[in-house]
Amino acid sequence: MGRVWKFGNNINTDEIIPGRFNITTDPKVLAQHCFCEVRPDFPSSVKPGDLIIAGENFGSGSSREHAPLAIKASGIKVIIAYSFARIFYRNAINVGLPVFISEEILTRVGDGDHLEIDFENFYVKDPETEGIFPFQPLPLFILKIFKAGGIIPFLKESNLEDLC
Amino acid sequence: MGTIAEEVFSQKLGREVHAGEMVLADVDFIMSHDSTTPLAIAAWEEIGKPLFDPDRIVIHFDHFYPSPSINGSLLHQRTLAFVKKQGIKNFYHEGICHQVMVEKGFVVPGTIVIGGDSHTCTYGALSCFGTGMGSTDLAVSYVTGKNWFMVPHTLRFEIQGKFPQGVYAKDLILNLVGKVGAGGANYKACEFSGPTIHAMSISERLTLSNMAVEMGGKVGLIETDEKTFRFLKNRTSRPLKIIRPQNPRYENVIEVEAGYLQPFVAVPHQVDQIKPVEEVEGTEIDEFFLGTCTNGRLDDLKIAAKILAGKKVHPLSRMVVNPASNEIYTQAERQGILRVFRDAGATICNPGCGVCVGRHQGILAPGEKALTTMNRNFLGRMGSPEAQIYLASPATVAISAIYGRITDPRKILSTFSPLP
């Protein structure tokens, strides 16, 4: 079970990890500055297994992979958003950070709620209210990358052609 | 058959493909810079396979070059070791990656270039399917020479008419981003077309395509014409193809009459927060910044220099000018443009991205405001998260610099002396 960190629309990569903290490739250091400006309590309070629930176009802006890496190293287990910016979505899948789309969850859960996630059946559950919120299953080729734990583990075992 | 995006993928794959299809395609060049290369190298090392073709890799130092910190220098050092050891021939430190890519002929019609930078969408101005990806995706292409793509649906912009005085390509693209919204073209290709686009210089087209990503666009495509060929003639030895839409089906077509446009400003902290300049006129500005992959080319500098000739930047403001590349720097110097800026009291910095990404050369203090020709005004981008960034055309920035506050360029544009 994890705590919900709720965000609005158009959360951009500068908000996830400001450019001036980008002069490192160490995910742990990146995590220390993750959301430090828009949610100053995030880096110190986030716990492994927490969830991010967000609105439209999450991760817009730059192509910096530091953004999903920072979130992943923060311990976030999954991001469920109304929609994702294209590059962020690819990057998250590639680095093995689960990202899912749900059009209703944003309005149904609040910041600080605690939810359980079921990756096999594509839903999150509020154990207090027994409420179940499904999210969209992944397209097949993305599911293959996701199941391998990212594109790097996938490529170690398979060829790119196996995605199709 | 199809949109420009479908045409590129169909020609590349030798079979007709359509929007929505997932394809594996050969990548012509894999571009990255000092900020995104180190992660790509790390991902490549982790994959543990040899490079498919070192000559397809293009690496630039521009985001923090020369380095302002030991950390930055360490990243440069690590990347340089990779360049040496792997024999990467295409290694540059002479300006903003996108400008240098275009100048050096890496960007030609009908090719696919992926870049570890979201503004790789700029290459669409030369009918090249350029698109931004993350570092791990670059590493995937390092070892395979390929990558996977979803052939995108296309949002087409049809522009006709002539810009009124004081209105430029930047005002047009700000207007379009405002219309469509920050995520309005997400996962889609943008196509810019119509008589206004046909009449534009390559530099103006690059300004439009550069900001496609600010509405979520995967690429900002413009069909090949004689200007594309003329621009590329002495820059590449690769065969030049003509890429045009053939019986295309668009997801949406947005028509704009250029004659009705006005100067626009994007206000903090999102690029789609667009206002006509008169609504923010009078806003006091601490830093004026002219440069970037959006508006740091010769014609941008010329427009600003024409306005600043014989004038001074407001004494309580500062102005920073970054030509986008060494080639542009040299031309601007020869044409006396840099001297105009120096005489006006502006500070001319080396070509690069440092100001626009808040690394060095003009970092904002809390409470400060900047009016810039950049493509992004995100919170904290140029330094303090308590600073505010406004985006506008080079003309609006230059005129405003004289007064130290946001000023409508139309009011005074006719009174300027010509360039020396």
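Calculation notes
Residues numbered from 1 in each chain as written. Chains lettered and ligands numbered in written order. Predicted model: local features only at pLDDT ≥ 70, side-chain atom pairs only at ≥ 80, totals over all residues. Helix = DSSP H or I, 4+ residues; strand = E, 2+ residues; numbered from the N terminus. Rg over C-alpha atoms; globule rule 2.2 N^0.38 Å. Buried ≥ 20, exposed ≤ 12 C-beta atoms within 10 Å, placed from the backbone. Contact = placed C-beta atoms within 7 Å. Pairing = 2+ DSSP bridges. Axes fitted to C-alpha atoms, helices over the stretch in contact; angles between N-to-C directions. Core = buried A, V, L, I, M, F, W, Y, C linked by C-beta atoms within 7 Å. Domains from an automatic or database assignment. pLDDT = per-residue confidence, 0-100. Nonpolar A, V, L, I, M, F, W, Y, C, P; charged D, E, K, R; others polar.

1. Looking at the overall build of chain A
Move 1: Along the backbone of chain A there are eight helices and seven strands.
Move 2: In summary, chain A has a C-alpha radius of gyration of 15 Å against a globular reference of 15 Å for 164 residues, a match within 12%.
Move 3: Looking at chain A residue by residue over its 164 residues, the buried ones come to 49%.
Move 4: In chain A, the share of contacts with a sequence separation of at least 24, taken over all contacts with a separation of at least 6, comes to 68%.

2. Here's the deal with the overall build of chain B
Move 1: Within chain B, the regular secondary structure consists of 15 helices and 18 strands.
Move 2: The C-alpha radius of gyration of chain B comes to 21 Å, within 12% of the 22 Å expected for a compact globule of 420 residues.
Move 3: Dimensions of chain B along its principal axes, counting C-alpha atoms only, are 55 × 50 × 40 Å.
Move 4: The buried share of chain B, reckoned over its 420 residues, is 58%.
Move 5: Pairs at least 24 residues apart make up 78% of the contacts formed inside chain B by residues separated by at least 6 positions.

3. Details of the sheet that holds strand 8 (residues 154-160) of chain B
All names here are of chain B.
Move 1: With parallel pairing, four strands are arranged side by side in an open sheet as 10-9-8-11. Each edge of the open sheet carries a strand with a single partner, namely strand 10 (219-221) and strand 11 (252-257). Between one strand axis and the next, the sheet turns through 20 degrees on average, direction left out of account.
Move 2: Sheet topology places strand 8 next to strand 9 (residues 189-193); five bridges connect them, and they run parallel. The residue of strand 9 that forms the bridge with Leu155 is Cys190.

4. Some remarks on the interface of chain B and chain A
Move 1: Listed as interface residues are 44 residues of chain B and, on the opposing side, 37 residues of chain A.
Move 2: Among the secondary structure elements, those contributing two or more residues to the side of chain B that touches chain A are strand 1 (22-26), helix 2 (37-47), helix 3 (70-86), helix 5 (135-144) and strand 7 (146-150) of chain B.
Move 3: It is helix 2 of chain B that provides the largest number of residues to the side of chain B that touches chain A, a total of six residues.

5. Concerning unusual backbone geometry
Residue and element names in this part refer to chain B.
Move 1: The peptide bond linking Tyr65 to Pro66 adopts the cis configuration, its omega dihedral lying at -10 degrees.
Move 2: Checked against the element boundaries, Pro66 lands in the loop between strand 3 (57-60) and helix 3.
Move 3: Between Pro268 and His269 the backbone carries a cis peptide bond, its omega angle lying at -5 degrees.
Move 4: Structurally, His269 can be placed in the loop between strand 12 (264-266) and strand 13 (274-276).

6. Notes on the environment of B:Gly110
All names here are of chain B.
Move 1: Of note, Gly110 is situated in the loop between helix 4 (97-103) and strand 5 (112-115).
Move 2: As for Gly110 and Cys128, which are separated by 18 residues in sequence, their C-alpha atoms are 5.3 Å apart.
Move 3: Aside from chain neighbours lying at most four places away, what touches Gly110 is Val8, Gln11, Ser127, Lys241 and Ile243.

7. Digging into helix 1 (residues 4-13) of chain B
Residues and elements named next belong to chain B.
Move 1: Three or more residues of helix 1 are buried, namely Ile4, Ala5, Glu6, Glu7, Val8 and Phe9.
Move 2: Where helix 1 is buried, its residues meet strand 1, strand 5, strand 6 (129-132), strand 8, strand 9 and strand 10.
Move 3: Just beyond helix 1, the residue with positive phi is Gly14, at close to 70 degrees.

8. Some details on the sheet that holds strand 5 (residues 114-118) of chain A
All names here are of chain A.
Move 1: Strand order across the open sheet formed by seven strands is 4-3-2-1-5-6-7, with mixed pairing between neighbours. The open sheet has two edge strands, strand 4 (99-101) and strand 7 (131-134), and neither has a second partner. In this sheet, neighbouring strand axes are inclined to one another by 30 degrees on average, regardless of whether the strands run parallel or antiparallel.
Move 2: With three bridges joining them, strand 1 (residues 2-6) and strand 2 (residues 51-54) adopt parallel strand pairing. By the bridge assignment, Trp5 is partnered in strand 2 with Ile52.

9. Focus on the nonpolar core
Move 1: Counting residues in each nonpolar core, the largest one holds 177 residues, and the members touching the most others are A:Cys34, A:Ile80 and B:Leu308.
Move 2: Both domain 1 (4-256) and domain 2 (266-415) of chain B contribute no fewer than three residues apiece to this core.
Move 3: Counting residues in each nonpolar core, the second largest holds five residues, with B:Phe61, B:Phe64, B:Tyr65 and B:Leu75 among its members.

10. Here's the deal with helix 5 (residues 86-95) of chain A
Note that an α-helix has 3.6 residues per turn; residues three or four places apart therefore point the same way.
Move 1: In terms of burial, helix 5 of chain A is a largely internal element, 10 of the 10 residues being buried.
Move 2: A:Gly96 occupies a position one or two residues after helix 5 of chain A and carries a positive phi of about 80 degrees.

11. Thoughts on the confidence of the model for chain B
Move 1: Per-chain confidence: chain B averages 96 in pLDDT, with 98% of residues scoring 70 or above.
Move 2: Scored as a complex, the prediction yields pTM 0.94 and ipTM 0.87.

12. Comments concerning the pairing of strand 6 of chain B
All names here are of chain B.
Move 1: Residues Phe129 and Thr131 point to one face of strand 6 and Gly130 and Gly132 to the other, with burial holding for every one of them.
Move 2: Of the pairings in the sheet, the one linking strand 5 to strand 6 comprises four bridges and is parallel in character. Across the sheet, residue Gly115 finds its bridge partner in strand 6, namely Gly132.

13. Some thoughts on the environment of B:Ile173
All names here are of chain B.
Move 1: Mapping Ile173 onto the fold places it in helix 6 (residues 169-180).
Move 2: Overall, Ile173 belongs to the buried group, with 28 C-beta atoms counted inside 10 Å.
Move 3: It is 9.5 Å that separates the C-alpha atoms of Ile173 and Glu214, two residues lying 41 residues apart in sequence.
Move 4: Ignoring anything within four residues of it in the chain, the contact list for Ile173 reads Thr207, Leu208 and Met211.

14. A short note on the domain arrangement of chain B
Residue and element names in this part refer to chain B.
Move 1: Once the domains are mapped, chain B shows domain 1 (4-256) and domain 2 (266-415).
Move 2: Spacing between the C-alpha centres of domain 1 and domain 2 amounts to 25 Å.
Move 3: Of all the secondary structure elements, the ones that give two or more residues to the side of domain 1 that touches domain 2 are helix 4, helix 6 and helix 8 (202-210).
Move 4: The element contributing the most residues to the side of domain 1 that touches domain 2 is helix 6, with six residues.
Move 5: Residues belonging to the side of domain 1 that touches domain 2 are distributed by class as follows: 10 nonpolar, 15 polar and six charged.

15. Brief notes about the pairing of strand 9 of chain B
Residue and element names in this part refer to chain B.
Move 1: The buried count for strand 9 comes to four of five residues, which makes it a mostly enclosed element.
Move 2: Sheet analysis places strand 9 next to strand 10, joined by three bridges and oriented parallel. From the neighbouring strand, Glu191 faces strand 10, where its bridge partner is Leu221.

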